[in-house]
Amino acid sequence: MYERDCFHPSKFFSANLLSSPLPTNSFFQNFLLCNGDNPEYIHPYLIKPSASSLSLCYPSRSVHSDCIYQDFNPDLTVSSSTSSESHHVISSFTGLSVTLDFPSSNLRFFLVRGCPYVTFSVSHQTPLFSMTTVHKFSSFTSNSSLTKYALKLDNGQAWLLYASLPIKVSNSYETMISFSKKFTSRDHGVPLVVRIALLPTSSSELEDVLDRYSSCYPVSGDALFTKPYCVEYKWEKRGFGNGDLLMLAHPLHFQLLSKDAGNVTVLQDFKYRSIDGDLVGVVGDSWLLKADHVPMNWYSTRGVKEESFDEIKSALSKDVAALCSSEITTISAYYYGKFIARAARLALIAEEIGFLEVIPSVKKFLHETIQPWLDGTFDDNGFLYDANWGGIVTKERSYQDFDYHKYGCHHYHLGYFLYGIAVFAKIDPSWGMKYKPHAYSIMADFMNLGGEHDLNSKNYTRLRCFDLYTLHSWGGETFPDQGREQDSSSEAVNAYYSAALMGVVYGDNNLSAIGSTLASLEIHAAKMWWHVKEGDNMYEEDFTTENKLVGYHSVNMRNRKMRYCYTSKESKIALHVLPLLPISECLFSNVDFVKELVEWTQSGYGDGPADGDGDGWKGFVYALEGIYDNQFALKKIRSLKCFDCGNSLSNLLWWIHSRDDEEKFNCGHGSHEN
């Protein structure tokens, strides 16, 4: 397998980490690619390592009707007197933290997500460190003990610097201040710990908060799945004085945070702004986040109306008769997976309405399409294991370098395969048991929890795509300056929903619970950041007045386009609905928002026509319309001439005939909430 040296994992990871699978879609991914010097957003700062220094930026946003983005500008850069041309080394990491060592500078940075301070230690062998800025220092002052400095820049920013030992200014210029240790006899051999924090406003109360919690710092943090629909954050903390741990919660954290457990204190008025909404101060070294329950159903939640059975059976007969594995021309894992999942839907719809005579034909199709991928007998493509990083790649992409195309969107592609496998194992249990190891290997590629007794933990990284801080998945990265990205929120939900169903069919309660939890968190996140609602103050008015959905959602950008090419409103809705499943009820449980969304679609088509798949996209729009206007949507669905390759007339009729207009359904995510 061809790989350029700049993408080999040994370049930036410490030797002790190389024996385990490594993350390919992590929050510090830009610290690993090529020279490792592209910035990453580690809330609330953009962080950029270079050869022997680290720069931080409190980003400002540019807002337009079609996009919102934030750029990196090095407000402060930290380096040491012993710096030489080298590169950083990652000595440890978790889902919530990464430790960057600069061996040539004797600096170690504890980068913990959601920490209002950037914390680093300076070896006792390094007597001097400096801070530079692209702006100018307009003033700096210290307290009497020389353990706190206030730095003001000419762009209006104020930064606070805290030190575990007294430090003094040895040199100062317009753009640089050098600090040296003021040793006492008992300080020799003791590393210096320095914390830097932006003062969000000039309020003395906010400065008092930063002073109060400056001496307790996190060195790492992790997220634990202790029970269904719960995530527990725990931070390892250290300190150079008394104090509790101060962290920042983004809006979804704040929504899910259990505030009654008595282990956290929320500081409502202590806030940092971010592209993801206000970050609010929370005091406590452990948090409990509780997600809403999501039912993992094979079939519709309410049941299909019996009077509609004949119409659905007629559609099923035609859709099943058209199944022909030899006529699938694509070799793309993504589109091939959609064909598989579409057929699996037909089997479940047939089961639900008792039309069992078509199931053998579906079973034959699933056998012909799934098994070659698992056996390695599909000539034009297949799954390969990349031992360098520890993950599944496909033959079509194995020649490419480590980039978006090779390791991106695993949960999208493999999620469709998992759905088909779960359904096939349900209707053919003996086949399911034979191919259980294959199924679990595919699942573990993007949903491994790294448990001590998990046989796949040694082969795959932990939760490849799911971000334990933002609480949703990322599909990959196309442009380093924009960071990781995800467009289709619904395909992310499908991945974990499918894994949960696989847990059901194999009697694996733990897999079902984790899959359900991650699916619920994806739904919460989609409603928070992809579903654009006026009045919720998530995004600026210029953007919200023109958009009801975020198309391309990246770490540093929100764009109205989908996948950089789809501009029509119908395509945007379709790519946030597909595949249409029982769990789609929960993703679109806010009926008021669904009405606004469909009406917005009907008001125009964005920048152009329906992006080449008009009827295919429209089917998903009509499905949403059926949530509140059943009969009108049914009439439109009956007029469609073609369907998305992952959808069918049978599936749309099943959806419409399993609901009434605005029928209330409690999926745990409510019917009129955000």
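Residues numbered from 1 in each chain as written. Predicted model: local features only at pLDDT ≥ 70, side-chain atom pairs only at ≥ 80, totals over all residues. Heavy atoms only, no water.

The name recorded for the protein in an unreviewed UniProt entry is glucan endo-1,3-beta-D-glucosidase, from Arachis hypogaea. Of the comments in the UniProt record for the protein, the one headed Sequence similarities (unreviewed entry) reads "Belongs to the glycosyl hydrolase 81 family." According to the UniProt record, the Catalytic activity (unreviewed entry) comment for the protein reads "Hydrolysis of (1->3)-beta-D-glucosidic linkages in (1->3)-beta-D-glucans." (UniProt positions renumbered as here; feature names shortened; annotations may be inferred.)

Colleague: Quick question: what am I supposed to make of the overall build of the protein here?
Modeller: On a plain count of helices and strands, the protein comes out with 18 helices and 30 strands. Long-range pairs, those at least 24 residues apart, make up 67% of the contacts in the protein with a sequence separation of at least 6. (Helix = DSSP H or I, 4+ residues; strand = E, 2+ residues; numbered from the N terminus. Contact = heavy atoms within 4.5 Å.)

Colleague: Got a minute to help me understand the nonpolar core in this structure?
Modeller: A general tendency of soluble globular proteins is for nonpolar side chains to be buried together. Formed by 215 residues in total, the largest nonpolar core has its most connected members in F109, L111, W159, Y272, W287, M447 and M502. The element that contributes the greatest number of residues to this core is helix α4 (residues 333-353), accounting for 13 residues. When residues of this core are assigned to domains, at least three fall in each of domain 1 (39-290) and domain 2 (306-658). Ignoring sequence-local partners within four residues, the contact set of M502 consists of L418, I421, A422, A439, Y440, M443 and L511. (Core = buried A, V, L, I, M, F, W, Y, C linked by side-chain atoms within 4.5 Å. Buried < 20%, exposed > 50% of the residue type's maximum accessible area, 1.4 Å probe, protein only. Domains from an automatic or database assignment.)

Colleague: What am I meant to see in the packing of aromatic side chains here?
Modeller: Pairs of aromatic rings are described using the distance from one ring centre to the other and the angle between the two planes. Summed over all chains, the structure comprises 36 aromatic pairs. On the numbers, 6.2 Å between centres and 35° between planes, the contact of F110 with Y217 is tilted. Placement of the pair is F110 in strand β9 (residues 107-112) and Y217 in strand β18 (residues 216-224), with a sequence separation of 107 residues. For Y217, a relative accessible area of 7% translates into the label buried. Ring pairs connect the aromatic residues F102, F109, F120, F129, Y149 and F179, which therefore count as one cluster. (Phe/Tyr/Trp six-rings, centres within 6.5 Å; stacked < 30°, edge-to-face > 60°.)

Colleague: What is the right way to look at the layout of surface pockets in this model?
Modeller: Here the largest pocket is characterised by a volume of approximately 510 Å³. Forming the boundary of the largest pocket are 25 residues, of which F93, T94, G95, T461 and R462 lie nearest the centre. (1 Å grid on protein atoms, 1.4 Å probe; cavity = no way out; pocket = protein on both sides within 12 Å on 5 of 7 lines; lining within 4 Å. Points joined across faces, edges and corners; volume = space filled by probe spheres on them.)

Colleague: I'm lost on the pattern of salt bridges in this one. Help?
Modeller: If charged atoms from side chains of opposite charge come close, those side chains can pair. Summed over the entire model, instances satisfying the criterion amount to 24 salt bridges. With its nearest N and O atoms 2.8 Å apart, the salt bridge here joins R61 to E540. A residue pair is termed long-range when its members are at least 10 positions apart, and R61 in strand β4 (residues 61-63) and E540 in the loop between α11 (509-530) and α12 (541-544) qualify at 479 residues. Residue R61 is classed as partly exposed on the basis of its relative accessible area of 28%. Since its relative accessible area comes to 24%, E540 is described here as partly exposed. Across the pair E585 and R302 runs a salt bridge whose closest N-O atoms are separated by 2.8 Å. Highlighted residues: E585 in helix α14 (residues 584-587) and R302 in the loop between β23 (286-290) and α3 (309-321), separated in sequence by 283 residues. We classify E585 as buried; its relative accessible area is 8%. Among the residues examined, R302 registers a relative accessible area of 25% and is labelled partly exposed. Salt bridges here are not isolated pairs; linked through shared partners, they connect R113, D467 and R484. (Salt bridge = Lys/Arg side-chain N within 4 Å of Asp/Glu carboxyl O.)

Colleague: Hey, could you run me through the side chain of S325 in this one?
Modeller: Mapped onto the elements, S325 comes out in the loop between α3 and α4. Looking at S325, its side chain comes within polar contact range of the side chain of E368, at 2.7 Å. Sequence-distant contacts of S325, that is, excluding residues within four places in its chain, are made with F365, E368 and T369. (Polar contact = N/O pair within 3.5 Å; in protein donor to acceptor, adjacent residues only side chain to side chain.)

Colleague: Explain the sheet that holds strand β14 (residues 158-163) here, please?
Modeller: The pairing of strands in a sheet comes from backbone hydrogen bonds and takes either a parallel or an antiparallel form. Read from one edge of the open sheet, 8 strands run β7-β8-β9-β10-β17-β14-β13-β12, paired in antiparallel fashion. This sheet does not close on itself; its edge strands, each paired only once, are β7 (89-93) and β12 (137-142). Between one strand axis and the next, the sheet turns through 20° on average, direction left out of account. The sheet contact formed by β9 and strand β10 (residues 117-122) spans 4 bridges and is antiparallel. When the sheet's bridge partners are listed, F110 is paired in β10 with T119. Where helix α1 (residues 204-212) meets the sheet, its contacts fall on β10, β13 (148-153), β14 and β17 (192-198), and the angle it forms with β14 comes to roughly 25°. (Pairing = 2+ DSSP bridges. Axes fitted to C-alpha atoms, helices over the stretch in contact; angles between N-to-C directions.)

Colleague: Hey, could you run me through the confidence of the model for the protein in this one?
Modeller: Mean pLDDT over the protein: 89, with 89% of residues reaching 70 or higher. Confidence drops under pLDDT 50 across residues 1-6; counting only partners more than four residues distant or on other chains, this segment forms 17 contacts. When the criterion is pLDDT under 50, residues 398-405 qualifies, and its contacts beyond four places in sequence or with other chains add up to 28 contacts. (pLDDT = per-residue confidence, 0-100.)

Colleague: Teacher, can you tell me more about the environment of V550 here?
Modeller: Note that V550 resides in the loop between α12 and β29 (552-554). The buried category is assigned to V550, whose relative accessible area is 0%. Sequence separation between V550 and W530 is 20 residues; the distance between their C-alpha atoms is 4.8 Å. Excluding residues within four positions of it along the chain, V550 makes contact with W529, W530, V532, Y539, F543, R558, N559, M562 and H576.

Colleague: Would you take a moment to explain the pairing of strand β3 (residues 54-57) for this structure?
Modeller: A regular strand carries its side chains on alternate faces of the sheet. Along β3, one buried face is formed by L54 and L56 and the opposite face, lined by S55 and C57, is buried too. Both strand β2 (residues 45-49) and β3 contribute to a ladder of 4 bridges, which runs antiparallel. Looking across to β3, one finds that P49 is bridged to L54. Hairpin remark: β2 followed by β3, antiparallel, with 4 residues in the connecting loop. Inspection of the sheet shows β3 paired to strand β6 (residues 76-80) by 3 bridges, in the antiparallel sense. Each bridged residue has a counterpart across the sheet, and for L56 the counterpart in β6 is L76.

Colleague: Honestly, the pairing of β6 in this entry has me stumped. Any pointers?
Modeller: Within β6, 5 of the 5 residues are buried, leaving the element largely enclosed by the surrounding structure. Sheet topology places β6 next to strand β11 (residues 128-132); 4 bridges connect them, and they run antiparallel. Bridge assignment links S79 to a residue of β11, and that residue is S130.

Colleague: Looking at this structure, how should I read the sheet that holds strand β21 (residues 265-272)?
Modeller: The sheet built from 3 strands is open, its strands ordered β20-β22-β21 with antiparallel pairing. The sheet terminates laterally at β20 (246-249) and β21, the two strands that pair on one side only. Along the sheet, successive strands turn relative to each other by an average axial angle of 35°, direction set aside. Relative to strand β22 (residues 279-283), β21 runs antiparallel, the two sharing 5 bridges. Residue pairing for β22: T265 is matched across the bridge by V283. Against the sheet, α1 touches β20 and β21, its axis set at about 120° to β21.

Colleague: Please explain the side chain of S584 as it appears in this structure.
Modeller: Residue position: S584 is located in helix α14. We classify S584 as buried; its relative accessible area is 4%. In this structure, S584 is in contact with V577, P579 and W655, ignoring residues within four places of it in sequence.

Colleague: Mind showing me how you'd approach the packing of helix α9 (residues 436-447) against α11 here?
Modeller: Any two packed helices are characterised by how steeply their axes cross, that is the angle between the axes, and by the distance between the axes. At their nearest, the axes of α9 and α11 sit 13 Å apart, and the two run at 40° to each other. Classified by the angle between their axes, α9 and α11 sit oblique to one another. As α9 runs across α11, the sense of the crossing is left-handed. Note on element contacts: α11 touches α9 through L511, I514, G515 and L518, opposite Y440, M443 and M447. Grouping the constituent residues of the contact of α9 with α11 by class yields 6 nonpolar, 1 polar and no charged. (Parallel < 35°, antiparallel > 145°, perpendicular 65-115°, else oblique. Left-handed = near helix turned anticlockwise from the far one by under 90°. Nonpolar A, V, L, I, M, F, W, Y, C, P; charged D, E, K, R; others polar.)

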